[in-house]
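Coordinates in review
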Amino acid sequence: MQKFPNLKDPYHFLATLGGLGLSPIGPGTVGSIFGWIIFIFLSHFISAFTLVILTFFVIIFSVYISIVVTKDLIEKDHKSIVIDELAGIWLAMIPVIFIASSQYERITYALFALILFRIFDIFKPFPISYIDKNFKNGLGVVLDDLIAAIFAAFFSSLIIIYSI
């Protein structure tokens, strides 16, 4: 078994988002913030449709990378693998491009989506905890983050719809 992560290995480099997953404090949060910033930046330059398609490809790519890197790992959901946070936060952010009609709503949604995504990803309420405990493979690494993202998107959307 090779040392993980080895940033000279392109799969490890991608799985850790260029080494961001090596952060000594909150690597998942660091990866989420990175993905959040990239999503916001891109949302100013590409159409909503393109962003949805790109998010779909980011999710598929994240699953593929996670499958490759976890193949030989004992600890499948290694803390330095943060590409799953990228996929998760992008999925959590998708509703903002459809439901927010003002800059204030976009900012509010984006902040709530990030905060709630991290809360659901860290504390893992059911069914996130079930996925995390029972799917010990590359798909499971990403799937628990996608479920956390759906929860975050749902509650962030409710906040925007009912409070503004």
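These remarks concern the structure in this document. (Residues numbered from 1 in each chain as written. Predicted model: local features only at pLDDT ≥ 70, side-chain atom pairs only at ≥ 80, totals over all residues. Heavy atoms only, no water.)

Quick notes on the overall build of the chain
Summing up its helical and strand segments, the chain has 8 helices and 0 strands in all. Going from N to C terminus, the chain has its helices and strands arranged as α-α-α-α-α-α-α-α. Against the compact-globule benchmark of 15 Å for 164 residues, the chain has a radius of gyration of 15 Å, which places it among compact chains. Counting only C-alpha atoms, the chain reaches 55 × 35 × 30 Å along its principal axes. In the chain, which comprises 164 residues, the share counted as buried stands at 47%. (Helix = DSSP H or I, 4+ residues; strand = E, 2+ residues; numbered from the N terminus. Rg over C-alpha atoms; globule rule 2.2 N^0.38 Å. Buried < 20%, exposed > 50% of the residue type's maximum accessible area, 1.4 Å probe, protein only.)

Notes on the nonpolar core
Membership of the largest hydrophobic core comes to 42 residues, with the highest contact counts inside it found for F39, I81, I89, M93 and Y109. Every element with two or more residues in this core is listed here: α2 (27-43), α3 (48-70), α4 (83-93), α6 (103-123), α7 (128-134) and α8 (138-163). (Core = buried A, V, L, I, M, F, W, Y, C linked by side-chain atoms within 4.5 Å.)

Brief notes about the packing of aromatic side chains
Counting across every chain of the model gives 8 aromatic pairs. With a centroid separation of 5.3 Å and an interplanar angle of 80 degrees, the aromatic rings of F120 and F151 are classed as edge-to-face. Of this pair, F120 sits in helix α6 while F151 sits in helix α8, and the two are 31 residues apart along the sequence. With a relative accessible area of 13%, F120 lands in the buried category. Overall, the relative accessible area of 22% leaves F151 in the partly exposed class. (Phe/Tyr/Trp six-rings, centres within 6.5 Å; stacked < 30°, edge-to-face > 60°.)

A closer look at a nonpolar patch on the surface
Taken together, the side chains of L7, Y11, F13, L14, L22, F61 and Y64 make up a nonpolar region of the molecular surface, amounting to roughly 600 Å² of accessible area. The set of elements that each furnish at least two residues to the nonpolar patch consists of α1 (10-15) and α3. Ranked by the residues each element gives to the nonpolar patch, the list is headed by α1, at 3 residues. Along the chain, L7 turns up in the segment before α1. Here L7 falls in the partly exposed class, since its relative accessible area comes to 34%. (Patch = residues over 30% accessible without salt bridge, like charges linked within 9 Å, V, L, I, M, F, W, Y side chains within 5 Å. Areas by Shrake-Rupley, 256 points an atom, 1.4 Å probe, with all protein chains shown as cover. Salt bridge = Lys/Arg side-chain N within 4 Å of Asp/Glu carboxyl O.)

A short note on the pattern of salt bridges
Under the definition given, this model contains 4 salt bridges. For D121, the salt bridge is made with K124, and the minimal N-O distance between the two is 3.2 Å. Each member of the pair D121 and K124 is classed as buried. One network of salt bridges, with partners in common, ties together E85, R118, D121, K124 and D144.

What about unusual backbone geometry?
Between F126 and the following residue, P127, the backbone shows a cis peptide bond with an omega angle of 10 degrees. The phi dihedral of L17 is positive, around 50 degrees, even though this residue is not glycine. With respect to the element layout, L17 can be found in the loop between α1 and α2. Of the residues examined, L17 reaches a relative accessible area of 14% and is grouped as buried. The residue K124 is not glycine, and still its phi comes out positive at about 45 degrees. Mapped onto the elements, K124 comes out in the loop between α6 and α7. Judged by its relative accessible area of 19%, K124 is buried.

Regarding the packing of α4 against α8
With their axes 8 Å apart at the nearest point, α4 and α8 run at an angle of 25 degrees to one another. In this view, α4 runs roughly parallel relative to α8, as classed from their interaxial angle. Remark: the crossing between α4 and α8 carries right-handed chirality. For the pair formed by α4 and α8, the contact residues are D84, E85, A87, G88, L91 and A92 on the first element and V141, V142, D145, L146, A149, I150, A152 and A153 on the second. Class assignment of the residues belonging to the contact of α4 with α8 gives a composition of 10 nonpolar, 1 polar and 3 charged. (Axes fitted to C-alpha atoms, helices over the stretch in contact; angles between N-to-C directions. Parallel < 35°, antiparallel > 145°, perpendicular 65-115°, else oblique. Left-handed = near helix turned anticlockwise from the far one by under 90°. Contact = heavy atoms within 4.5 Å. Nonpolar A, V, L, I, M, F, W, Y, C, P; charged D, E, K, R; others polar.)

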